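# Topology and contacts: notes
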Amino acid sequence: MTKHSTSEASEAYIALGANLGDRESTLFKAAELLDGHPDIQVLRSSNLYETDPVGYEDQPNFLNMAMALRTSLTPEALLKVMLETELALGRERNIRWGPRTVDLDLLWMEGQVLDTPLLTLPHPRMLERSFVLVPLCDIVPEEDPTGLYEKAHAALDLMNGKEGIRFWKTGIWPNASVHSEN
């Protein structure tokens, strides 16, 4: 069992995607690596969804999910750990929105607003992407005090193009429960 820091912890939401190799195994390994960090604990994971590629469309379908984390890291430090996790799992950045073994995006962290050369919070396109919103809506509790629940559900309700996302499997993280409204 991994010991996790509890001092001044924040809740963060991340999106995960993969479309090369064993997609499900890679997403699970990403969750393990993040949870193995002493300052990160995976709290909840969404269901997995298979999604059509967006942007660069000549590539395999993705598996996408979202996770809620508890962390004592700053947003920039959490992003650094996420980028290191991508590299450890073979991520190469050759084509914008192109095929990848894994993609980790920091979406939201306690409602913080940040705009630096390295990181923008909330994620600037999270409310425009069904492959982010559907899994995110799985795990954000209705009683979330930051407003994320309302923002995510309202954006998803207004969104066209949800047919590009298909339920794949119940959440993969064994130590966390999937929040569902169904």
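Below you will find a few notes about this structure.

### A few points about the packing of helix H1 (residues 23–36) against helix H2 (residues 75–88)
Two elements in contact, H1 and H2, have axes whose closest approach is 10 Å; the angle formed by their N-to-C orientations is 135 degrees. Taken as axis vectors, H1 and H2 run oblique relative to one another. Relative to H2, the crossing made by H1 is right-handed. Contacts from Ala-30, Leu-33 and Leu-34 in H1 reach Val-81, Met-82, Thr-85 and Ala-88 in H2.

### Details of the environment of Glu-150
Along the chain, Glu-150 falls in helix H4 (residues 148–158). For the pair formed by Glu-150 and Cys-137, sequence separation is 13 residues and the distance between their alpha carbons is 9.5 Å.

### Re H2
In an α-helix, one turn spans 3.6 residues, which is why side chains three or four residues apart end up on the same side. An ideal rise of 1.5 Å per residue puts 20 Å on 14 residues; H2 measures up with 20 Å between its terminal C-alpha atoms. If you check which residues of H2 are buried, you get Pro-75, Leu-78, Leu-79, Val-81, Met-82, Thr-85 and Glu-86. One side of H2 carries all its buried residues, which in axial view fall inside an arc of 160 degrees. Those residues of H2 that are exposed and aimed more than 90 degrees away from the buried face are Lys-80, Leu-87 and Ala-88. Gly-90 sits one or two positions beyond H2 and adopts a positive phi of about 90 degrees.

### Let's talk about the nonpolar core
Ranked by size, the top nonpolar core spans 29 residues in total, and within it Ile-14, Leu-16, Leu-27, Leu-34, Met-67, Leu-78 and Leu-106 carry the most contacts. Contributing elements (two or more residues each) for this core: strand E1 (10–18), H1, strand E2 (40–45), strand E4 (62–71), H2 and strand E5 (103–109). Leaving out residues up to four positions away in the same chain, Leu-78 has contacts with Ala-12, Ile-40, Leu-69, Thr-71, Leu-73, Leu-106 and Met-109. Among the nonpolar cores identified, the runner-up in size contains 23 residues, and Tyr-49, Ala-66, Trp-108 and Leu-156 belong to it.

### Digging into helix H3 (residues 130–139)
Buried residues dominate H3, accounting for 10 of its 10 residues. When we look at burial in H3, the residues that qualify are Ser-130, Phe-131, Val-132, Leu-133, Val-134, Pro-135, Leu-136, Cys-137, Asp-138 and Ile-139.

### Section: the side chain of Ser-46
Mapped onto the fold, Ser-46 is located in the loop between E2 and strand E3 (48–51). Judged by its relative accessible area of 0%, Ser-46 falls in the buried class. A distance of 2.8 Å separates the side chain of Ser-46 from the backbone nitrogen of Ala-66, its partner in a polar contact.

What counts, and at which threshold
Residues numbered from 1 in each chain as written. Predicted model: local features only at pLDDT ≥ 70, side-chain atom pairs only at ≥ 80, totals over all residues. Heavy atoms only, no water. Axes fitted to C-alpha atoms, helices over the stretch in contact; angles between N-to-C directions. Helix = DSSP H or I, 4+ residues; strand = E, 2+ residues; numbered from the N terminus. Parallel < 35°, antiparallel > 145°, perpendicular 65-115°, else oblique. Left-handed = near helix turned anticlockwise from the far one by under 90°. Contact = heavy atoms within 4.5 Å. Expected span 1.5 Å × (residues − 1). Buried < 20%, exposed > 50% of the residue type's maximum accessible area, 1.4 Å probe, protein only. Arc of directions from axis to C-beta. Core = buried A, V, L, I, M, F, W, Y, C linked by side-chain atoms within 4.5 Å. Polar contact = N/O pair within 3.5 Å; in protein donor to acceptor, adjacent residues only side chain to side chain.

So, to be careful, I would describe these as geometric facts and stop short of saying anything about function.
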